[in-house]
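# Summary of structural features
The residues making up each chain are set out below.
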Amino acid sequence: MDTVDTRQVQELAERGAQLVEVLPASAYDKEHLPGAINIPLTRMTPDAVAGLDRGAPVVTYCFDHQCDLSSRAGRWLEQLGFTDVHDYMDSKVAWLADGLPFEGTQGPETRALARVVDPPTFGPDDTVAALASAFEDSPVAVVVDGDRVVVGVVRPEARSLAPDTRMRDVLQPGPPTVRPSIPIRELAGSMDRDGQRWVLVSRSDGTLLGLVHRDALEEGH
Amino acid sequence: MDAPPLELGYFLSSEEHPPDRLVAHAAAAHAAGFRTAMISDHFNPWVPDQGDAPFVWGVLGAIAHAAPGLEVGTGVSAAVHRMHPLTLAQAAATAAVLLKGRFFLGLGTGERLNEQVTGERWPRPGERREALEEVLPLLHRLLRGRTVSHRGRHVAIERARLWTLPAAPPLILVAASGVRSAKLAGQHADGLIGVAPEPSLIDAFEAAGGLGRPRFTQLKLCWAPTVDEGVRTVRRWFPTEGLPPSLLTELATPGEFADAVRLVTDEALADAVVCGPEVGPVVDAVRRRVASGYSRIYLHQVGPDQDGFLRFLREELLDALGADLASVPLASGRPA
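The structure displayed is predicted, hence computed values, not measured ones.

Here the focus is the overall build of chain A. Counting secondary structure elements, chain A contains six helices and twelve strands. The C-alpha radius of gyration of chain A comes to 21 Å, more than 25% above the 17 Å expected for a compact globule of 221 residues. With the C-alpha coordinates of chain A rotated into their principal frame, the extents come out at 70 × 35 × 25 Å. Of all 221 residues assigned to chain A, the portion counted as buried reaches 52%. At a minimum sequence separation of 6, the contacts of chain A that also span at least 24 residues come to 61%. As displayed, chain A offers around 10,300 Å² of accessible surface, 48% of which is attributable to carbon and sulfur atoms. Each charge sign in chain A was given a centre, from 21 positive and 35 negative side chains, and these centres are 3 Å apart.

Below, the structure is given as structure tokens:
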């Protein structure tokens, strides 16, 4: 059995791998990878896995990298005679944090990613002269590197600085970000508590996915 | 969308200068092109070496006469403790009339140094914020000429009405060093006076209702022929800049502050205040504040050499910032 990351899981799934979530049914029902089946480890008897195809790869996953259920389930499947088993150790949390498709009763429409807009983006070496119309629909401009990883934000007031001022000299590093999978209601609560009008949505590697306005989190928006 | 002008103002430090010098500084700054100034309101200086703390409302009257056309606001007055809100409202209204409307009232929750002189208990920050929150609507009403009666947890007012009023009520700005007071400013004030280049203050202010309203801050600097001379001047005139902010509201007397600043190193002072002849570090410090979301920066030259600072401003700083003092809009010209 080997350990696989999110990209490898996507490749395995494309090749027809069977994705097995080994968490309890309540967790699976709420959110799971597309096409995954649910065999909770506590119920993983030889009979329960009889329906799995032994000729195709099997990927086990659980909640996150701290949870050991996917590793134990993978080893147990090997004991039961499966030979092509892969442990997705980072599991569901990592999948959801990358903004990848998922299914469940608390599906993508209930998550922050459903409410993002595209903020204006610039590179660290662009100058504030480029900001002229950046703030018509956005409270901030986002400075990203060549891989779209968030470097910082620039506020409208920066337009009052000399036009050749570079973004890198005026950006605010470390703006607040959340993962795309955070439930809308939870995000609204935390933004109200922290006094935030907007927040950036990014993957775990810092790649920008968009910006969420607090107002866009209201019901019926 | 046109780029907004970089708004720079001049800071008058009541703790460092006697009243006649403050008036002369205001006139010189106005002559140098500044359209707006902010003045501190103290009962005590921070340390005995500063040596002054004139009654700011008297100074404002003289500035109105000596620098006609200059906008001046307090940065900041305490809303409850040593002055009853009624007296504060009356003083603000009179100042606004004498300054022909070019006045704004900056308010905060006070410092023990200036407020506990009345002998009252010094409340914790939450209780002081609560008192400010109670007083703000009363001030808004009084400054609009309403008759106010009120019996609250912190203040009582009995059928009071101001008879001398400016044509339009002055803007009321609230000072914040943390998210909770920034929220209070967003909910109850016309603007924010922030004490740190900290974007979370601006976010909290805007989220609580302050979007589009003035956000002022101050930048302490000490222009001097050398960095060392600048640091020496700060050591003499504003050593409290090296203290942790949490102490500023809690120590009781100038003597206690003098004791505390003995622990402050020159390195800490040089970190806290931009010192010396170079324009680059001042430009960087202004940029940081603008980038944090402040709409206006009041420049506070620490120490007596205000002329040296004004020369530096005229000959180097304005060009380096691409700033034009003449284009600075008056806060008091905005709708409240």
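With that settled, the discussion passes to the state of the cysteines. If you walk through the whole model with that rule in mind, you get zero disulfides over all chains. Free cysteine A:Cys62: the closest other cysteine sulfur is in A:Cys67, separated by 3.2 Å. No disulfide involves B:Cys275; its sulfur sits 5.2 Å from the nearest other cysteine sulfur, which is in B:Cys222. The class for B:Cys275 is buried, based on a relative accessible area of 13%.

The next point concerns the domain arrangement of chain A. All names here are of chain A. Entries for chain A in the domain assignment read domain 1 (2–104) and domain 2 (113–217). Put simply, the middle of domain 1 and the middle of domain 2, counted by C-alpha atoms, are 35 Å apart. Contact with domain 1, which involves four residues of that partner, is made by seven residues of domain 2. A combined buried area of about 430 Å² lies between domain 1 and domain 2, and 57% of that area is made up of carbon and sulfur atoms. Inspection of the domain 1/domain 2 interface yields zero salt bridges. Across the contact surface, domain 1 and domain 2 share one residue pair in polar contact (both at pLDDT 80 or more). Classifying every residue of the side of domain 1 that touches domain 2 by side-chain character gives two nonpolar, one polar and one charged.

Attention now moves to the sheet that holds strand β6 (residues 121–122) of chain A. Residue and element names in this part refer to chain A. Read from one edge of the open sheet, four strands run β6-β7-β8-β9, paired in mixed fashion. This sheet does not close on itself; its edge strands, each paired only once, are β6 and β9 (172–173). Of the pairings in the sheet, the one linking strand β8 (residues 150–154) to β9 comprises two bridges and is antiparallel in character. Residue pairing in the sheet places Val 153 in a bridge with Gln 172 of β9.

A volume near 420 Å³ is recorded for the second largest pocket. Forming the boundary of the second largest pocket are 24 residues, of which A:Pro156, A:Glu157, A:Arg159, B:Arg215 and B:Ser295 lie nearest the centre. For the lining of the second largest pocket, the per-class residue count stands at eleven nonpolar, three polar and ten charged.

What follows concerns the packing of aromatic side chains. Evaluation of the coordinates by the stated rule reveals nine aromatic pairs over all chains. Aromatic side chains A:Tyr88 and A:Trp95 sit 6.5 Å apart centroid to centroid with 75° between the ring planes, which places their arrangement in the edge-to-face category. In this pair, the class of A:Tyr88 matches that of A:Trp95, namely buried. With a centroid separation of 5.5 Å and 45° between ring planes, the pair formed by B:Tyr10 and B:Phe34 is classed as tilted.

Right, let's talk about the nonpolar core for a bit. Judged by nonpolar contacts, the single largest core of 95 residues is most densely connected at A:Leu131, B:Leu8, B:Phe34, B:Trp57, B:Ile63, B:Val286 and B:Leu299. Listed in part, the 18 residues of the second largest apolar core include B:Val231, B:Phe238, B:Leu243 and B:Phe257.

Before going further, it helps to spend a moment on empty space enclosed by the protein. Empty space among the atoms can be located by rolling a probe the size of a water molecule over them. All names here are of chain B. On inspection of all chains with the given rule, the structure shows one cavity of 30 Å³ or more. There is about 40 Å³ of room inside the largest cavity. If you trace the largest cavity, you find it lined by Asp 41, Ser 77, Ala 78, Arg 82, Met 83, Leu 88 and Glu 115. When grouped by side-chain class, the residues that make up the lining of the largest cavity number three nonpolar, one polar and three charged.

Residue and element names in this part refer to chain A. Judged by how many residues are buried, β8 sits mostly within the fold: four of five residues are covered. Summarising the sheet, strand β7 (residues 141–144) and β8 pair through four bridges and their orientation is antiparallel. Paired with Val 143 across the two strands is Gly 152, which belongs to β8. Linking β7 back to β8 in an antiparallel pair, the connection comprises five residues, with Arg 148 at a positive phi of about 65°.

Turning next to the sheet that holds strand β12 (residues 208–213) of chain A. Residue and element names in this part refer to chain A. Reading across from one edge, β10-β11-β12 is the order of the three strands in this open sheet, with mixed pairing throughout. Edge positions in the open sheet fall to β10 (177–178) and β12, since each of these has one partner strand only. Where strand β11 (residues 198–202) lies against β12, five bridges are found, and the strand directions are antiparallel. Residue pairing for β12: Leu 200 is matched across the bridge by Leu 211. Each of β10, β11 and β12 is contacted by helix α6 (residues 184–194), which is oriented at about 135° to β11, the strand it contacts most.

Another aspect to go through is the side chain of B:Ser40. Residue and element names in this part refer to chain B. Inspection of the secondary structure assignment puts Ser 40 in the loop between β2 (36–39) and α2 (56–66). Look at Ser 40 and you get buried, because its relative accessible area is 4%. A polar contact of 2.5 Å, which involves the side chain of Ser 40, links it to the side chain of Glu 15. Ignoring any residue separated from it by four or fewer positions in sequence, one finds Ser 40 in contact with Phe 11, Leu 12, Ser 13, Ser 14, Glu 15, Val 56 and Gly 75.

Further remarks concern the interface of chain B and chain A. Each side of the interface is counted separately: chain B has 25 residues, and chain A has 21 residues. For the chain B and chain A pair, buried surface summed over both sides reaches about 1,900 Å², with 53% attributable to carbon and sulfur atoms. For the pair chain B and chain A, the interface holds three salt bridges. A salt bridge links B:Arg215 to A:Glu157; its shortest N-O distance comes to 2.3 Å. Here chain B and chain A share seven residue pairs in polar contact (both at pLDDT 80 or more) between them. Those elements giving two or more residues to the side of chain B that touches chain A turn out to be α6 (179–188), α7 (199–210) and α12 (280–291) of chain B. Per-element accounting of the side of chain B that touches chain A gives the leading share, six residues, to α7(B). A breakdown of the residues in the side of chain B that touches chain A according to their chemical character gives 15 nonpolar, three polar and seven charged.

What counts, and where the lines are drawn
- Residues numbered from 1 in each chain as written.
- Chains lettered and ligands numbered in written order.
- Predicted model: local features only at pLDDT ≥ 70, side-chain atom pairs only at ≥ 80, totals over all residues.
- Heavy atoms only, no water.
- Helix = DSSP H or I, 4+ residues; strand = E, 2+ residues; numbered from the N terminus.
- Rg over C-alpha atoms; globule rule 2.2 N^0.38 Å.
- Buried < 20%, exposed > 50% of the residue type's maximum accessible area, 1.4 Å probe, protein only.
- Contact = heavy atoms within 4.5 Å.
- Areas by Shrake-Rupley, 256 points an atom, 1.4 Å probe, with all protein chains shown as cover.
- Lys, Arg positive; Asp, Glu negative; His and termini not counted.
- Charge placed at Lys NZ, Arg CZ, Asp CG, Glu CD.
- Disulfide = S-S within 2.5 Å.
- Domains from an automatic or database assignment.
- Buried area = accessible area lost by both parts, 1.4 Å probe.
- Salt bridge = Lys/Arg side-chain N within 4 Å of Asp/Glu carboxyl O.
- Polar contact = N/O pair within 3.5 Å; in protein donor to acceptor, adjacent residues only side chain to side chain.
- Nonpolar A, V, L, I, M, F, W, Y, C, P; charged D, E, K, R; others polar.
- Pairing = 2+ DSSP bridges.
- 1 Å grid on protein atoms, 1.4 Å probe; cavity = no way out; pocket = protein on both sides within 12 Å on 5 of 7 lines; lining within 4 Å.
- Points joined across faces, edges and corners; volume = space filled by probe spheres on them.
- Phe/Tyr/Trp six-rings, centres within 6.5 Å; stacked < 30°, edge-to-face > 60°.
- Core = buried A, V, L, I, M, F, W, Y, C linked by side-chain atoms within 4.5 Å.
- Axes fitted to C-alpha atoms, helices over the stretch in contact; angles between N-to-C directions.

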